[in-house]
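Reading the structure
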Amino acid sequence: MKEQGYLDLKRGERGAIISIIAYICLSSLKLAVGFIANSEALKADGLNNVTDIIASLAVLIGLKLSQRPADDDHPYGHWKSETVASMAASFIMMFVGIQVTYEAISSIFYEKNETPDIVSAWTGLFCALVMYFVYLYNKKLALEINSQSVMATAKDNLSDAWVSVGTFIGIVGAQFNLPWLDPITAIIVGLLICKTGWEIFRDASHHLTDGFDEKQIETYKETIIDCNGVKGVKDIKARNYGNNVVVDIVILVNSDLDIRGAHDIATQVENELIKEHNVYDVHVHVEPN
């Protein structure tokens, strides 16, 4: 099970690398066309992708650090490095989202807005399609390996796809003597970046503070109750270590059982949770009833 966890992290690196390559290519294209075609929205979108490169690099580093084995000062391993990387990426995204929004608002009040060239609109639409396919790949990968950081990357990919669609709409609208529509779209771009950053931060902080889905805990409890010899569940807790789940349980068994019998029931509970729910590690304490 532990070996599989490390293999999943290795697979997760692939998603981060694909995102980095896509962002480098698309940000270069957007910034170049944005300056040539005089599009504030496309330049804002390109700047967003530049920060996405940094955020994806942070995720990649976090995935690599998570693969390091347990040592003296990390006896449980380095699994949470992946979650820390997701949080770092969220800070980067929110910072740039605020910056993009501020600059777009300034351009409305203090700059003369000119209608951008239509080529910038088609550039935005092309980039949206590319990022949507990158999102589909990373979402599928994140679900397969149960990776929070890769899912954060996928959310960022989807956000970028929608941002580029908005850029396309804004630039097309600006062709109809509405040049202010382009910087307005840039403001929406900035707000979307902030929204995605906040969602990633919220999920990462929930994991780092040992928050866990209550419904999932109830599902674990039902599986435990169905095990032969378990008379009740006195206590159950669960927490995340990166993309792994660790469960602590106190079960009630017949007080007439000997040590071996109680141990066999505990082992069955461990095996069922690992088999049915892909739990990484289970700690079972047995009490007589």
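Residues numbered from 1 in each chain as written. Predicted model: local features only at pLDDT ≥ 70, side-chain atom pairs only at ≥ 80, totals over all residues. Heavy atoms only, no water.

**Examining the overall build of the protein chain**
Secondary structure summary: the protein chain contains 8 helices and 3 strands in total. In sequence order, the secondary structure elements of the protein chain are arranged as α-α-α-α-α-α-α-β-β-α-β. Against the globule reference of 19 Å for 289 residues, the protein chain gives a C-alpha radius of gyration of 24 Å, more extended than a compact globule. The dimensions of the protein chain, computed from C-alpha atoms along their principal axes, are 85 × 30 × 30 Å. By residue count, 48% of the 289 residues in the protein chain fall in the buried class. Pairs at least 24 apart in sequence give 74% of the contacts found in the protein chain among residues at least 6 apart. Only carbon and sulfur atoms are counted for the fraction: they give 62% of the accessible area of the protein chain, which is about 14500 Å². With 23 positive and 36 negative side-chain charges, the protein chain shows a spacing of 2 Å between the two charge centroids. (Helix = DSSP H or I, 4+ residues; strand = E, 2+ residues; numbered from the N terminus. Rg over C-alpha atoms; globule rule 2.2 N^0.38 Å. Buried < 20%, exposed > 50% of the residue type's maximum accessible area, 1.4 Å probe, protein only. Contact = heavy atoms within 4.5 Å. Areas by Shrake-Rupley, 256 points an atom, 1.4 Å probe, with all protein chains shown as cover. Lys, Arg positive; Asp, Glu negative; His and termini not counted. Charge placed at Lys NZ, Arg CZ, Asp CG, Glu CD.)

**Examining the side chain of S56**
One can find S56 in helix α2 (residues 40-66). In this structure S56 touches A16, S19, I20, Y23 and T153, once residues within four positions along its chain are discounted.

**Some words on the nonpolar core**
Grouped burial of nonpolar side chains is what soluble globular proteins tend to show. Counting 24 residues, the largest nonpolar core has A16, V59, L63, W79, M131 and V150 as its most contacted members. Looking at this core, the elements with two or more residues in it are α1 (2-37), α2, α4 (119-145) and α5 (148-174). Those residues in contact with M131 that sit more than four places away from it in its chain are A22, Y23, L26, N157, D160 and A161. Among the nonpolar cores identified, the runner-up in size contains 21 residues, and I217, Y220, I236 and V279 belong to it. (Core = buried A, V, L, I, M, F, W, Y, C linked by side-chain atoms within 4.5 Å.)

**Things to note about helix α7 (residues 214-225)**
Because each turn of an α-helix spans 3.6 residues, side chains separated by three or four positions end up pointing in the same direction. Taking 1.5 Å per residue, 12 residues should reach 16 Å; α7 reaches 17 Å between its end C-alpha atoms and fits that length. Among all positions of α7, only I217, Y220, T223 and I224 are buried. Buried residues of α7, seen end-on, are gathered within an arc of 115 degrees and therefore sit on one face of the element. Opposite the buried face of α7, at more than 90 degrees from it, the exposed residues are E214, K215 and E222. Check the buried side of α7 and you find it contacts β1 (232-241), β2 (244-253) and α8 (259-277). With a side-chain oxygen lying 3.0 Å from the backbone nitrogen of K215, the N-terminal cap of α7 falls on D213. (Expected span 1.5 Å × (residues − 1). Arc of directions from axis to C-beta. Polar contact = N/O pair within 3.5 Å; in protein donor to acceptor, adjacent residues only side chain to side chain.)

**Brief notes about the pairing of β2**
Counted residue by residue, β2 has 9 buried out of 10 residues, so it is predominantly covered. Judged from the 8 bridges that link them, β2 and strand β3 (residues 281-288) form a sheet pairing that is parallel. Note on β3: the bridge partner recorded for L252 is E287. Handedness of the crossover is the feature at issue here: the chain leaves β2, passes through α8, returns alongside β3, and the resulting connection is right-handed. (Pairing = 2+ DSSP bridges. Right-handed = clockwise from strand over helix to strand, strands pointing away.)

**Re the packing of α5 against helix α6 (residues 181-208)**
The interhelical angle for the contact between α5 and α6, taken along N-to-C directions, is 170 degrees, at an axis separation of 9 Å. With respect to α6, the element α5 is oriented roughly antiparallel. Counted together, Q148, A152, K155, D156, S159, V163, G166, T167, G170, I171, G173 and A174 of α5 and L181, D182, T185, V189, L192, T196, I200, D203, A204 and H207 of α6 form the full contact between these two elements. For the contact of α5 with α6, the per-class residue count stands at 9 nonpolar, 9 polar and 4 charged. (Axes fitted to C-alpha atoms, helices over the stretch in contact; angles between N-to-C directions. Parallel < 35°, antiparallel > 145°, perpendicular 65-115°, else oblique. Nonpolar A, V, L, I, M, F, W, Y, C, P; charged D, E, K, R; others polar.)

**Quick notes on the environment of S107**
Among the structural elements, S107 can be located in helix α3 (residues 81-110). Overall, S107 belongs to the buried group, its relative accessible area being 1%. Through-space distance from the C-alpha of S107 to that of I184 is 9.5 Å; in sequence the pair is 77 residues apart.

**Description of unusual backbone geometry**
Even without being a glycine, D210 presents a positive backbone phi close to 60 degrees. Structurally, D210 is set in the loop between α6 and α7. Positive phi values are uncommon outside glycine, yet N278 reaches one of about 55 degrees. Taking relative accessible area as the criterion, N278 reaches 53% and is therefore assigned exposed.

**Points about the pattern of salt bridges**
Applying the stated rule across the entire model yields 11 salt bridges. For D235, the salt bridge goes to K237, with nearest N and O atoms at 2.4 Å. Overall, D235 belongs to the partly exposed group, its relative accessible area being 31%. R239 is paired through a salt bridge with D248; the nearest N and O atoms lie 2.3 Å apart. R239 sits in the buried class, given a relative accessible area of 16%. Linked through salt bridges whose partners overlap, the residues forming this network are R11, K140 and E144. (Salt bridge = Lys/Arg side-chain N within 4 Å of Asp/Glu carboxyl O.)

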